[in-house]
Structures are given as C-alpha cells and as structure tokens.
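# Structural overview
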Amino acid sequence: MAVFVSIFLVITTTLLVVRIVYVISQSSKPKHNTSQKHLSTLVVLGSGGHTAEMINLLSVMPKDWYAPRYYIAAATDNMSLQKARVFEDILDDKGADGTQFMQIYRSREVGQSYITSVGTTLLALGHALWLMVKIRPHVILCNGPGTCIPICAIAFIFKVLGIRWSYIFYVESIARVKRLSLSGLLLYKLHMADQLFVQWPQLQKQYPRARYVGRLM
C-alpha cells in the first residue's frame, strides 16, 4: 500500500511541476482572442500615488474593450475607491455600466509585526479567493500596492489548476528608477505576472524579463 501511495505522490508532484513550468512558459506569451469584444478587468488600487498613476493609465486605455471594470482597494483605503468612482463618472461609454467597487483585507498593515501578519495574510488570501471566484476576470491590472499580491497568487493558482487564465499585467511605478518595489520583485521572481512593465531603461537592464515601454504615467 505504501508503494502505491509513494508512486501516486511522485506522479502527482511531477504533473504539478510540469503544469507550473507550462504556465510560466506561457505567461510571457499572452494569447490574443480577437473574438472577444470585452475583457473583464480587475484593477487593483493603492494608497498614495499608486491610484493616481493607475487612473492616468486607464485614461489612455480603450474603455469599451477592458470592461466591465472591477476596482479593488484595501479595506482601510476609502480614498482610492472615491477617485475611481470620480473617474468612472466622467466616462461616456457603455462599457462602464457593469463597473463595481470592492475592498479586500490587507496582508499586512504598516507597522504590523511579522508574526501577527501571518494570520492577516491567510485572511487576505481567503478573501482574494472569494473575490476571484466571484469576478473571474480576464485581466488583472496592478501597479505596486501590496494588496495585489494575494489576488495575483490566487490567479496564478487558478492557472495551474486550469480553473481560469487571468492575464496579470503589472506596471511598475514611475517612482521606481533603480529597483522594483517589493510587489514587483515578488511577481518577477515568482514568474506570476504575464507581463511586467517598467518605465526606466536602467530598471529593465537590471531585470531583463521586464519590458521597458517608456513613461506611461
């Protein structure tokens, strides 16, 4: 019996590793489905300048294509959602009809100890799982806040399990000139982002898998 269990574990582990390698290999080659008129888009907002940069980025994107849009911010961040609502109110396109605004628990608050953050991280992952099951977005757009990590982690797990392929596009903040933010570094090192964009050429040289696209914001 023990032999069969061992064989089963080896086969399962091997298949899982192969699947992860496949997902990572495909992450840098997103497939374009021209038959889809709308791509549901989950936009992760963050406090400070992150939301302002995201709004600037969204303002130059085709709104009718990336719709409906689902804005997510940390549970303690009401200002970012207010800015998103103002942005959506001034849009004059039908794609904004299904727009929703949501909040998610933070993995770790500023100044919170690492020991207590274990519980809040698990809570954030559970909340992210519920949101991903509910929204099932085609595209996840983020630009730096730590709030995006649980969402991107669940999206990557969904890819591996074949539940849903959500394209993760990470745009590093323009304030990051020499080093990636912690969120960007995690997504880069763990190969979770389908495309990771930077806005400074020297940053792309340090992280060659990132794509330099000039100043977007």
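So, here's what we can say about the structure. Computed from a prediction, not measured in an experiment: that's the story for all the values here. (Residues numbered from 1 in each chain as written. Predicted model: local features only at pLDDT ≥ 70, side-chain atom pairs only at ≥ 80, totals over all residues. Heavy atoms only, no water.)

### Overview of the sheet that holds strand β6 (residues 195-198)
Inclusion rule: At least two DSSP bridges between two strands are needed for those strands to be called paired. Helix and strand assignments come from DSSP, with helices taken as H or I runs of at least 4 residues and strands as E runs of at least 2, each series counted from the N terminus. When checking whether two residues touch, look at their non-hydrogen atoms; a contact exists if any pair is within 4.5 Å. With axes taken as lines fitted to C-alpha atoms, and helix axes fitted only over the stretch in contact, angles between N-to-C directions fall between 0 and 180 degrees.
In space, the seven strands of this open sheet follow the order β3-β2-β1-β4-β5-β6-β7, with parallel pairing throughout. The sheet is open, and its two borders are formed by β3 (100-104) and β7 (211-212), each paired with just one other strand. Looking at chain direction, strand β1 (residues 41-44) and strand β2 (residues 69-74) are connected through four bridges and run parallel. Directly across from V43, in β2, lies its bridge partner Y71. Against the sheet, helix α2 (residues 49-59) makes contact with β1, β2, β4 (139-142) and β5 (167-171), and its axis sits at roughly 130° relative to β4, the strand it touches most.

### Describing the nonpolar core
Basically, it comes down to this: Buried Ala, Val, Leu, Ile, Met, Phe, Trp, Tyr and Cys residues form a nonpolar core when they are joined through side-chain atoms within 4.5 Å. Relative accessibility thresholds used throughout: buried, under 20% of the residue-type maximum; exposed, over 50%; partly exposed, between the two (1.4 Å probe, protein chains only).
Counting residues in each nonpolar core, the largest one holds 35 residues, and the members touching the most others are L42, I72, M132, I140 and I151. Here this core gets 10 residues from one element, more than from any other, and that element is helix α5 (residues 148-161). Membership of the second largest hydrophobic core comes to 21 residues, among which are M54, I55, L57 and M61.

### A look at the pairing of β2
Along any regular strand the residues' side chains alternate between the sheet's two faces. Here is the rule we go by: Handedness of a crossover: with both strands directed away from the viewer, a clockwise path from the first strand across the helix to the second marks it as right-handed.
Among the six residues that make up β2, six are buried, leaving the element largely enclosed by the rest of the structure. In this region the chain leaves β1, passes through α2 and returns to the parallel neighbour β2; the handedness of that crossover is right-handed. Of the pairings in the sheet, the one linking β2 to β3 comprises five bridges and is parallel in character. Pairing of A73 across the sheet is with Q103, part of β3.

### Things to note about the packing of aromatic side chains
The description of an aromatic ring pair rests on the distance of the ring centres and on the angle between the ring planes. Cut-off, in case you're wondering: Only rings of Phe, Tyr and Trp enter the pairing, Trp through its six-membered ring, and a pair is recorded when the two centres are within 6.5 Å. The plane angle decides the type: under 30 degrees is stacked, over 60 is edge-to-face, the rest tilted. Here, over-ring charges are defined by two tests on the NZ atom of lysine or the CZ atom of arginine: distance to the ring centre within 6 Å, and angle to the ring normal within 35 degrees.
One pass over the structure, following the stated rule, counts five aromatic pairs. Ring geometry for Y71 versus F101: centroids 5.4 Å apart, planes at 10°, classification stacked. In this pair, Y71 sits in strand β2 while F101 sits in strand β3, placing the two residues 30 residues apart along the sequence. Taking the relative accessible area as the measure of exposure, F101 reaches 27% and is therefore partly exposed. Measuring from ring centre to ring centre gives 6.5 Å for Y167 and F169, while their planes differ by 35°; the resulting arrangement is tilted. Comparing Y167 with F169, the two get one shared label, buried. Three or more aromatic residues link up through ring pairs in this structure, and these residues are W165, Y167 and F169. Residue placement shows R85 over the ring face of F101; its charged tip is 4.7 Å from the ring centre. The side chain of R209 reaches across the aromatic face of Y188, ending 3.9 Å from its centre.

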